[in-house]
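One letter stands for each residue in the lines below.
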Amino acid sequence: GKWVAVAYDKAFYIGQVTAINSHEEMDVTFLAHTKDEGLIKWPRQKDCATVHKKYVFSSTPKMQAVGKQFFVHNFPNIKYLYEKYQKTYMKENNQ
């Protein structure tokens, strides 16, 4: 499936689209952040969620498998896009 970055209130997560449910929603299986920025991995327990497309702020993570982990080549750019998205759409919900 396609890789996407999804915004949550305090963080973003990169995952793989496993199903398109409608024009508005999709199922995504998420990877977990590691202590090393730009390296992510599959979590021990599967982390799957139905996501509304409005929370998908990037569909361009450039992923490379490195053993059991993935290196996100454009992680700084994804992080920047998330910070922009968060400032624009999420701040008023946190006050």
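Residues numbered from 1 in each chain as written. Predicted model: local features only at pLDDT ≥ 70, side-chain atom pairs only at ≥ 80, totals over all residues. Heavy atoms only, no water.

Chemist: I keep staring at the environment of Asn 21 and nothing clicks. Help me out?
Modeler: You can see Asn 21 is positioned in the loop between β2 (12-20) and β3 (25-30). Along the chain, Asn 21 and Val 51 lie 30 residues apart, while their C-alpha atoms are 9.5 Å from each other. Leaving out residues up to four positions away in the same chain, Asn 21 has contacts with Met 26, Asp 27 and Thr 50. A polar contact is formed between the side chain of Asn 21 and the side chain of Asp 27, at a distance of 2.8 Å. (Helix = DSSP H or I, 4+ residues; strand = E, 2+ residues; numbered from the N terminus. Contact = heavy atoms within 4.5 Å. Polar contact = N/O pair within 3.5 Å; in protein donor to acceptor, adjacent residues only side chain to side chain.)

Chemist: I tried to follow the pattern of salt bridges on my own but got confused; where do I start?
Modeler: Two side chains bearing opposite charge may form a pair once their charged atoms approach each other closely. Taken as a whole and judged by the stated rule, the model has two salt bridges. Across the pair Glu 24 and Lys 53 runs a salt bridge, and its minimum N-O distance is 3.9 Å. Separated by 29 residues along the polypeptide, Glu 24 in the loop between β2 and β3 and Lys 53 in the loop between β6 (48-52) and β7 (56-58) bring together distant segments of the chain. Note on Lys 53: relative accessible area 34%, which makes it partly exposed. For the salt bridge of Glu 37 with Lys 79, the shortest nitrogen-to-oxygen distance reads 3.1 Å. Here Glu 37 is found in the loop between β4 (32-33) and β5 (39-41), whereas its partner Lys 79 is found in helix α1 (residues 75-89), with 42 residues between them in sequence. Judged by its relative accessible area of 30%, Lys 79 falls in the partly exposed class. (Salt bridge = Lys/Arg side-chain N within 4 Å of Asp/Glu carboxyl O. Buried < 20%, exposed > 50% of the residue type's maximum accessible area, 1.4 Å probe, protein only.)

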